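Breakdown of the fold
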Protein chains: 2
Amino acid sequence: MVKGYAGRILHVDLTSGKLEVENPSEAFYRQYMGGSAMGMYYALRHIPAGADPLGPENVLILTLGPATGLPISGNSRVTATARSPLTGAIGDAQAGGFWPAECKNAGFDAIVVKGRAAKPVYLWLHDGEAELRDASHLWGLVTGEAQAKIREELAEPKAEVLQIGPAGENGVRFSCIINMCNRANGRTGMGAVMGAKRLKAVVVRGHQRPEAADPEALRALARWGLDNLERRVGSLGKYGTAKTVGNQQADGGLPSYNWTSGVMEGYDKITGQTMYDTILRERDTCFGCAVRCKRVVEVKDGPFQVDPLYGGPEYETLATFGSYCGVSDLAAISKANELCNKYGMDTISCGATVAWTMECFEKGLITAADTDGLVLNFGNAEAMVKLTEKIAKREGFGKLLGEGSARAAAQLGRGTEACVVACKKQEYPAHMPRVKRTLALIYAVNPFGADHMSHEHDPSYEEDGYEAYLAQLDLKDPQPTRSLNAEKVRFALHTQWMYSCLDSVNVCDFVWGPGWQLYSSNHLVELVRAATGWDVSLYELVKLGERRLNMMRAFNAREGMSRHDDVPPERIFAPLKGGPSDGFKVDRDELARAFDTYYGMAGWDASSGNPPRVKLEELGIAWVADLLGL
Amino acid sequence: MVKGYAGRILHVDLTSGKLEVENPSEAFYRQYMGGSAMGMYYALRHIPAGADPLGPENVLILTLGPATGLPISGNSRVTATARSPLTGAIGDAQAGGFWPAECKNAGFDAIVVKGRAAKPVYLWLHDGEAELRDASHLWGLVTGEAQAKIREELAEPKAEVLQIGPAGENGVRFSCIINMCNRANGRTGMGAVMGAKRLKAVVVRGHQRPEAADPEALRALARWGLDNLERRVGSLGKYGTAKTVGNQQADGGLPSYNWTSGVMEGYDKITGQTMYDTILRERDTCFGCAVRCKRVVEVKDGPFQVDPLYGGPEYETLATFGSYCGVSDLAAISKANELCNKYGMDTISCGATVAWTMECFEKGLITAADTDGLVLNFGNAEAMVKLTEKIAKREGFGKLLGEGSARAAAQLGRGTEACVVACKKQEYPAHMPRVKRTLALIYAVNPFGADHMSHEHDPSYEEDGYEAYLAQLDLKDPQPTRSLNAEKVRFALHTQWMYSCLDSVNVCDFVWGPGWQLYSSNHLVELVRAATGWDVSLYELVKLGERRLNMMRAFNAREGMSRHDDVPPERIFAPLKGGPSDGFKVDRDELARAFDTYYGMAGWDASSGNPPRVKLEELGIAWVADLLGL
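Residues numbered from 1 in each chain as written. Chains lettered and ligands numbered in written order. Predicted model: local features only at pLDDT ≥ 70, side-chain atom pairs only at ≥ 80, totals over all residues. Heavy atoms only, no water.

Another point: the sheet that holds strand S1 (residues 9-13) of chain B. Residues and elements named next belong to chain B. Taken together, the six strands give an open sheet; going across it, the order is S2-S1-S6-S3-S4-S5, and neighbouring strands pair in mixed fashion. In this open sheet, the two strands that pair with only one neighbour each are strand S2 (18-22) and strand S5 (90-95). Adjacent strand axes in the sheet meet at a mean angle of 15°, parallel and antiparallel pairs treated alike. Pairing of S1 with S2, which is carried by five bridges, proceeds in the antiparallel orientation. Residue pairing for S2: Leu10 is matched across the bridge by Val21. Those strands touched by helix H20 (residues 538-558) are strand S4 (78-83) and S5, and its axis lies near 140° from that of S5. (Pairing = 2+ DSSP bridges. Helix = DSSP H or I, 4+ residues; strand = E, 2+ residues; numbered from the N terminus. Axes fitted to C-alpha atoms, helices over the stretch in contact; angles between N-to-C directions. Contact = heavy atoms within 4.5 Å.)

Structure, rendered in structure tokens:
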């Protein structure tokens with residue numbers, strides 16, 4: 001058995017109820033490592049071409065990594081992989097929490113779920129054992145209630161529960177998977193896939209703690225992290241990702257009023273500092289992590305009372321329910337966040353869909369007659385919260401919005417399509433292509449739709465060590481920020497490989513990474529070495545990242561997708577209004593050239609934008625080319 | 001100043017006699033590191049398109065590396081770069097010895113030589129000072145004599161002399177650069193370039209020892225090398241590269257009788273063991289190296305007396321003057337080796353050219369009327385030695401042979417062309433494509449002609465650690481050996497990048513490398529870190545190797561070369577005769593597919609086989625694309 005791993009992968013067929021345990025070879029673990037790359041291995045092999053994302057033929061894969069559960073910051077992550085009901089492309093989402101570490105303790109590195117249960121079930125994994133249990137009584141419960149019930153009935157108060165809420169049961173296309181009631185595999189609608197399978201939860205508890213191959217090296221690396229925590233990620237720990245609100249506003253990069261401006265009036269009411277000074281109850285952590293970036297907020301009075309069980313809003317949530325919607329009411333945003341975690345919805349797509357509705361409402365394209373009477377002007381916090389709940393329950397107008405903004409607009413017509421800000425039908429996260437130009441490219445080419453954690457954004461940092469970290473990837477600080485030349489495309493692609501690697505080693509992108517994170521790329525090499533005992537190199541890890549990205553692209557190619565699906569929303573070509581980014585827009589010709597450069601650098605076919613056989617062979621995965629008939 | 005380096009690069013214009021010292025930036029050192037990549041930087045910038053390799057417009061660049069002169073095995077290497085008079089393509093050759101370390105001590109990381117001196121000169125570098133001195137009195141001297149005279153006139157018995165012999169002065173197209181009278185920058189005719197510039201020697205002496213950034217890490221790495229020396233490279237130390245003779249014969253991979261067979265009768269008389277038991281006088285070393293693979297032989301009696309000053313034959317020399325020629329007389333081969341080192345000729349191209357003559361002679365395509373009466377049957381040791389001397393002096397038939405076998409055959413005609421075994425007019429070194437198939441590909445695509453130190457050959461090794469070393473480059477043991485499928489092409493290309501990196505960090509390929517060497521790829525990362533203090537990664541180093549390879553290919557593209565110049569000799573498609581490889585031949589269709597796969601994997605244009613702009617941009621060298629007008 002390879003150190004760091006549990007050595008066991010669970011295969012579940014919900015249709016037959018059969019459970020099987022696979023003990024993969026060391027070569028398999030080394031080539032696919034964990035997380036998203038490992039997920040893609042099973043997705044490509046087990047999901048048939050043309051599978052309905054919400055049909056039994058889709059396969060949901062939950063994966064950990066070699067360091068999951070080891071005592072070091074940023075270790076405890078779970079990746080969910082399946083064909084996405086939101087994008088129709090491959091779906092991919094990561095979450096932290098205690099669930100991943102506990103799943104490793106329970107004796108499993110991954111769970112591959114096929115088929116559809118006849119009635120709701122949940123999986124119970126404990127110390128190497130796995131069983132399917134009835135979940136009929138849990139169906140329809142919000143996450144907090146379901147978690148409490150499960151712990152109670154198993155008499156395992158420390159069991160960790162990864163589950164869907166009612167939104168996933170109801171097929172909201174951007175529903176997510178939730179653990180601890182406040183950690184989300186947020187994007188690409190993985191909750192709907194789980195719901196369609198009638199799998200309410202995966203519950204884990206165990207005592208088989210993973211062992212590092214080199215505990216002393218691991219301790220030294222962990223110690224380095226503690227010694228450098230304040231210097232490198234002190235403000236992230238103190239203010240959480242919410243610290244970003246102020247920075248973005250200062251740069252004119254806070255997406256506001258459904259992406260028509262880069263600044264929001266009243267932004268200061270929703271900053272990380274404001275949260276810290278007002279409603280923050282505590283700083284929460286994932287297993288073994290010293291950063292403690294997670295927020296727990298509590299609001300006891302007023303119209304928007306917020307239960308601390310459901311955590312607190314991240315930067316993305318503050319933006320999507322806040323600035324996207326022109327809402328500067330921190331309690332209202334926190335309430336929307338609570339609802340998303342209760343019902344199991346992606347706060348990004350949900351908030352963005354509400355913002356899209358608001359712009360359409362302001363323009364008269366959608367009226368109160370559509371919205372069950374809700375008056376959805378920008379800034380209407382109450383309506384925003386109400387609409388969020390309607391979406392989760394797929395009530396009234398919420399039914400349509402549960403399809404996501406792109407599908408809703410396509411159904412509605414009336415010119416509402418022009419207000420959609422999404423790629424591959426997935427709503428834009430809260431970093432602005434008109435301010436950081438590589439985002440225009442990466443949002444579009446990313447195989448699982450617009451995503452902000454798939455490459456290193458292109459502002460330069462003044463932080464000590466930023467350039468030294470980048471140099472490990474043969475990169476320089478990508479100055480200046482307002483261009484999208486070949487050097488910037490190179491920066492985006494190389495860091496995309498690295499983020500792809502992070503999601504395949506399955507570590508937290510806020511703790512490990514190529515630029516501003518606590519640990520550098522070379523530290524990641526040390527981590528994998530310490531965990532597994534393999535003498536891995538950064539070359540190998542970057543190749544792992546490139547391999548995973550190509551596997552995703554190949555998956556999409558099999559579904560008939562190509563560069564013609566890598567289309568940015570029109571919105572980014574229109575000038576922003578107000579603030580330091582006033583007038584900023586993406587140059588259409590420059591972006592067109594950047595696409596060509598990107599596919600060329602990636603070794604992808606110029607006309608299809610897909611990996612040719614020779615690129616898959618170069619990555620050691622000729623079997624993927626065989627699968628595609630290349 | 002970056003630790004490890006001297007921080008100074010000398011620019012010499014021989015036409016004007018002007019000397020200038022450049023102090024490059026840290027960014028330059030990190031991006032081009034040293035050796036061949038640094039050489040290519042200057043070659044591309046300073047050699048004009050269409051430059052006559054033997055004209056003043058060619059530029060000869062001698063480069064060291066970040067670890068040159070540091071106390072660890074395999075550190076002391078010098079690379080010579082210029083347009084090659086043998087191939088017309090970029091030229092590139094490495095040598096070891098004490099000269100490289102001493103050059104660093106003298107205060108220089110590289111020497112860039114332009115123009116042509118009015119009369120012979122030599123360069124004298126000492127403790128940061130550089131001067132050009134008259135060498136009229138040295139012109140025409142063999143290396144041993146010139147070295148002695150220079151040391152005497154400088155009163156510097158410890159000065160190290162890198163020089164050309166009479167062959168380089170006479171424009172022998174495969175003449176080499178020699179240091180210590182027995183270390184050669186052997187291939188691609190760099191000696192002729194130096195001769196055409198009327199630069200007899202570069203003499204160095206200094207006391208500015210380079211400092212490692214992390215001496216303790218360097219010591220630990222050196223200690224690891226000593227502890228593992230016997231296990232990993234013990235037989236290389238004991239028997240030198242000559243140990244290879246027996247292994248090749250056993251595999252049917254000893255190129256014999258001008259590549260018509262893979263076995264030679266009497267091979268046992270020229271093995272490393274036989275040399276060890278008979279004429280070996282001592283094991284020599286390069287600066288700081290514990291391997292001690294270099295041979296010193298002495299023959300005092302008989303027809304072939306050999307002076308130990310000139311070292312002893314490597315495996316390549318034992319093959320080219322031995323098995324290629326059907327000669328199993330160790331003293332005769334050692335004599336030919338001595339002559340090559342005295343006169344300054346590449347033993348590979350020289351021996352191979354003699355072997356070509358012998359086959360032509362046996363077939364009656366060349367007769368004694370051509371050869372000044374020499375009877376050149378296979379196995380005629382005396383004629384072989386005589387012809388070698390005639391080539392060096394360009395006497396009689398030797399004048400034609402000094403052009404190399406490809407040009408000689410083109411001039412002679414008569415069907416002699418079919419007996420040439422070369423790529424890009426450079427004669428095949430002594431590893432057989434019909435036995436190790438990746439060689440058929442790499443000999444052909446290599447930018448500086450057929451070369452055996454440009455990738456990892458494809459037999460599998462049983463040695464402990466081989467697979468673990470390969471895994472660092474995301475590679476597996478490339479079994480089976482008799483095929484050239486995509487996996488083998490991948491193996492060849494990825495290891496070609498690594499060897500390209502080794503020649504750019506400028507370390508010995510027998511001590512550092514991806515497979516069977518003492519130190520692994522990851523150790524090389526540790527070396528560069530310890531030397532420079534940069535937190536480099538293997539990713540960065542492999543990219544360095546890929547960058548250098550692409551720069552070379554770009555240089556050739558500017559000269560109008562393309563994949564149409566990547567042509568293997570017909571000989572490899574004919575079956576071998578006798579021994580374990582009887583009947584082996586390269587499959588033409590399989591090789592054709594391998595070329596396509598190779599260019600595709602390299603990111604090169606399918607029709608030209610040259611790097612497109614986007615690949616150069618991906619490697620961070622858009623300026624090379626600009627230079628080529630891409």
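From this point, the discussion proceeds with the structure in view.
Once that is clear, we can look at the relation of the copies chain B and chain A. Note on the copies: chain B fits chain A at an RMSD of 0.0 Å, the axial shift is 0.0 Å, and the rotation between them is 180°. Such a turn and shift between the copies fits a two-fold axis. Scanning chain B for the C-alpha nearest the rotation axis identifies Tyr539 of chain B, at a separation of 2.0 Å. (Least-squares fit on C-alpha atoms with pLDDT ≥ 70 in both.)

All chains considered together, the criterion is met by zero disulfides over all chains. Left without a disulfide partner, Cys176 of chain A is nearest to the cysteine sulfur of Cys340 of chain A, which lies 7.4 Å away. (Disulfide = S-S within 2.5 Å.)

Once that is clear, we can look at the confidence of the model for chain A. Averaged over chain A, the pLDDT score is 97; the fraction of residues at 70 or greater is 99%. Our summary of model confidence lists the complex with pTM equal to 0.97 and ipTM equal to 0.95. (pLDDT = per-residue confidence, 0-100.)

Moving on: the interface of chain B and chain A. In this assembly, 30 residues from chain B lie in contact with 30 residues from chain A. Looking only at chain B, the three residues that lose the most surface to chain A are Asp474, Tyr539 and Glu618 of chain B, adding up to 25% of its buried area. Counting across the chain B and chain A interface gives two salt bridges. Between chain B and chain A we count 16 residue pairs in polar contact (both at pLDDT 80 or more) in total. Sorting the residues of the side of chain B that touches chain A by element identifies helix H1 (26-32), helix H18 (486-505), helix H19 (521-532), H20, helix H21 (588-602) and helix H22 (613-618) of chain B as the ones contributing at least two each. Ranked by residue count, the leading element in the side of chain B that touches chain A is H20 of chain B, at six residues. Partitioning the side of chain B that touches chain A into residue classes produces 11 nonpolar, eight polar and 11 charged. (Buried area = accessible area lost by both parts, 1.4 Å probe. Salt bridge = Lys/Arg side-chain N within 4 Å of Asp/Glu carboxyl O. Polar contact = N/O pair within 3.5 Å; in protein donor to acceptor, adjacent residues only side chain to side chain. Nonpolar A, V, L, I, M, F, W, Y, C, P; charged D, E, K, R; others polar.)

All names here are of chain A. Considering the arrangement of structural elements, one finds His457 in the loop between helix H16 (438-445) and helix H17 (466-471). His457 gets classed as buried once you look at its relative accessible area, which sits at 9%. One polar contact links His457 to Lys436, side chain to side chain, over a distance of 3.2 Å. In terms of polar contacts, His457 uses its side chain to reach the backbone carbonyl oxygen of His452, at 2.8 Å. The residues contacting His457, other than those within four sequence positions of it, are His431, Lys436, Thr438, Leu439, His452, Tyr466 and Phe491. (Buried < 20%, exposed > 50% of the residue type's maximum accessible area, 1.4 Å probe, protein only.)

What follows deals with the domain arrangement of chain A. Residue and element names in this part refer to chain A. The assigned domain composition of chain A is domain 1 (9-205), domain 2 (252-419) and domain 3 (438-628). The distance between the C-alpha centroids of domain 2 and domain 3 comes to 28 Å. Opposite the 15 residues of domain 2 that make contact, domain 3 presents 10 residues. Here domain 2 packs against domain 3, burying approximately 910 Å² in sum over the two surfaces, 56% of which is carbon and sulfur. Our enumeration of links across domain 2 and domain 3 arrives at one salt bridge. (Domains from an automatic or database assignment.)

Another point: the sheet that holds strand S9 (residues 160-163) of chain A. Residue and element names in this part refer to chain A. Pairing within the open sheet is mixed, and its six strands lie in the order S8-S7-S12-S9-S10-S11. Strand pairing shows two members of the sheet lacking a second neighbour, strand S8 (129-134) and strand S11 (183-185), which therefore form its edges. Each neighbouring strand pair of the sheet contributes to a mean axis angle of 20°, computed without reference to strand direction. As defined by bridge partners, strand S7 (residues 121-126) adjoins strand S12 (residues 199-205) across six bridges and the pair is classed as parallel. Bridge assignment links Leu125 to a residue of S12, and that residue is Val204.

As a further point, take the pattern of salt bridges. Scanning the model with the defined rule gives 84 salt bridges over all chains in all. With a closest N to O distance of 2.8 Å, Arg281 of chain A and Glu298 of chain A form a salt bridge. Taken together, the positions of Arg281 of chain A in strand S13 (residues 280-284) and Glu298 of chain A in the loop between strand S14 (294-297) and helix H10 (315-322) put the pair 17 residues apart, joining distant regions of the chain. Here Asp134 of chain B makes a salt bridge to Lys119 of chain B, at a shortest N to O gap of 3.7 Å. Residue Asp134 of chain B is located in strand S8 (residues 129-134), and its partner Lys119 of chain B is located in the loop between strand S6 (110-114) and strand S7 (121-126); the two are separated by 15 residues in the primary sequence. What makes Asp134 of chain B partly exposed here is its relative accessible area of 33%. Under the relative-accessibility criterion, Lys119 of chain B is labelled partly exposed at 47%. When salt bridges with common partners are traced through the structure, they connect Lys543, Glu546, Lys615 and Glu618 of chain A into a single cluster.

All names here are of chain A. Under the defined criterion, the tally for this structure stands at 44 aromatic pairs over all chains. When the ring of Tyr5 is compared with that of Trp534, the centres are 6.0 Å apart and the planes differ by 45°; the resulting orientation is tilted. Separated by 529 residues along the polypeptide, Tyr5 in the segment before strand S1 (9-13) and Trp534 in the loop between helix H19 (521-532) and helix H20 (538-558) bring together distant segments of the chain. Using a relative accessible area of 5% as the deciding quantity, one classes Trp534 as buried. A ring pair is formed by Trp512 and Tyr519, whose centres lie 4.1 Å apart and whose planes are at 15°; its orientation type is stacked. By the burial criterion, Trp512 is buried, and Tyr519 matches it. (Phe/Tyr/Trp six-rings, centres within 6.5 Å; stacked < 30°, edge-to-face > 60°.)

Let us now look at the environment of Asp596 of chain B. Relative to the assigned elements, Asp596 of chain B resides in helix H21. Within polar-contact distance, the side chain of Asp596 of chain B engages the side chain of Arg563 of chain B at 3.0 Å.

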